[in-house]
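Here is how the chains run, residue by residue.
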Amino acid sequence: MSKIIYKIIMIFSLLFLSACGIQKEIDLNQNKKLPSWYENPPKTTISTLYSIGEGENRDDAIANGLSNMISTLSVSISSQFNSKTVVKEGSNNSFQSTVTNDIQSDVKKIRISNYEVQEAKKLGFRRYIVLINSDKKKLFDSLKSEIEQKFTLIEKEKEKLNNYNAIKQLAVLKESKNSIDNVLDNLVVMNVLNNSFNSKEYVNRVKDVSDDYEKILSSITFSISSNEIAKNLEAPISSGLSNEKLQIKNSRGKKHFHINIFSKNNQANSHGFIIIRSAIEIRVIDFKGSIVGSNKLNIIGRSTQGIEVAKEGVAIKLNEMIKKDGIGKVIGLEL
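Cut-offs used in this document
- Residues numbered from 1 in each chain as written.
- Predicted model: local features only at pLDDT ≥ 70, side-chain atom pairs only at ≥ 80, totals over all residues.
- Heavy atoms only, no water.
- Helix = DSSP H or I, 4+ residues; strand = E, 2+ residues; numbered from the N terminus.
- Buried < 20%, exposed > 50% of the residue type's maximum accessible area, 1.4 Å probe, protein only.
- Areas by Shrake-Rupley, 256 points an atom, 1.4 Å probe, with all protein chains shown as cover.
- Phe/Tyr/Trp six-rings, centres within 6.5 Å; stacked < 30°, edge-to-face > 60°.
- Lys NZ or Arg CZ within 6 Å of the ring centre and 35° of its normal.
- Pairing = 2+ DSSP bridges.

Chemist: Is there a simple way to explain the overall build of the protein in this structure?
Modeler: Tallying secondary structure elements over the protein gives eleven helices and eight strands in all. Looking at the protein as a whole, 34% of its 335 residues qualify as buried. Surface accessibility of the protein: about 20,700 Å² in total, with carbon and sulfur atoms responsible for 51%.

Chemist: I would appreciate a short explanation of the packing of aromatic side chains in the present structure.
Modeler: Given two aromatic rings, one states the distance between the centres and the angle between the planes to describe the pair. If you walk through the whole model with that rule in mind, you get five aromatic pairs. Through successive ring pairs, a cluster of aromatic residues spans F140, F151, F197 and Y202. Residue placement shows K168 over the ring face of Y164; its charged tip is 5.6 Å from the ring centre. The cationic tip of R205 hangs over the ring face of F151; the distance from NZ or CZ to the ring centre is 4.4 Å.

Chemist: Honestly, the pairing of strand β4 (residues 221–226) in this entry has me stumped. Any pointers?
Modeler: A regular strand places its side chains so that they alternate between the two faces of the sheet. Within β4, five of the six residues are buried, which leaves the element mostly enclosed by the surrounding structure. The sheet contact formed by β4 and strand β5 (residues 247–248) spans two bridges and is parallel. Paired with F222 across the two strands is I248, which belongs to β5. As paired elements, β4 and strand β6 (residues 256–270) share six bridges and run parallel to each other. Note on β6: the bridge partner recorded for F222 is F257.

Chemist: For this particular structure, what's the right way to read the pairing of β6?
Modeler: Pairing of β6 with strand β7 (residues 273–285), which is carried by 13 bridges, proceeds in the antiparallel orientation. Within the sheet, the bridge partner assigned to Q267 lies in β7 and is I276. Following β6, the chain reverses through two residues before pairing antiparallel with β7; H271 in that reversal takes a positive phi of roughly 50°.

The analysis is restricted to geometry; functional conclusions fall outside its scope.
Pasting the structure below:
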């Protein structure tokens, strides 16, 4: 029994000493003097951005420092935006505020890859501070190079478009459009970093990519047919296509596609429920009669109110699937 008591005393003694050690470390960290570069960091100059950051380790501190730098940029941009815009009373004030907030939000998405850790110091357990800077010219050049690379890739993909059918062309142009969705935000930052920079050329190139996408999107048409059992599945498919701004109409030509829906139902009864197990096959056919997309689905509908309601349950689940996964995935196309 005495040995057990001795062990208990030893355990409590160790816990007490550990607690004292932790308390001592915390006290030391709290009293540790912060360096002057952290308490009074350098102010951003005409050529250099400065920011401080704090984190549990060096990487976290740098990441937070870059986030602070971007936030500073967004405030600067918003300030310049406000100074160049005549603010009037009434609804324009709220519009101005909305635009400014959008600018700040979008600028925060920009990644600063060109920076230097000027100072770094570990203050103790899980606390690290840094001072980082970024040369405005180098940052400007890196953003410009990134934009140029994106447009170079887009031009290479554009040269291949004639080898694809209209659906593939749409997918390629959509990917191109998405790849430059932050270019306009980058241009706003670049204008702040370099007042002499003229962004008009890049704005026009962004518009050209968007126009190419909208042009092919508006030219593609779909028609839909089904066997009798699958008639109630046409509406969810049609709605999903319309939500993607794709036209549903009978047409002809290289940019017209036909969707055929075939369904086979198995009916069962269980505990007062009518259960419909629907095996659905969807095919997308081009103007040549070739299958360019397809998918097979198994959907179950249940109802206590009759077979028609159970069938409608299948259509409802198909609609939910389209909303969740997208119409392209459901019909087997890359849209």
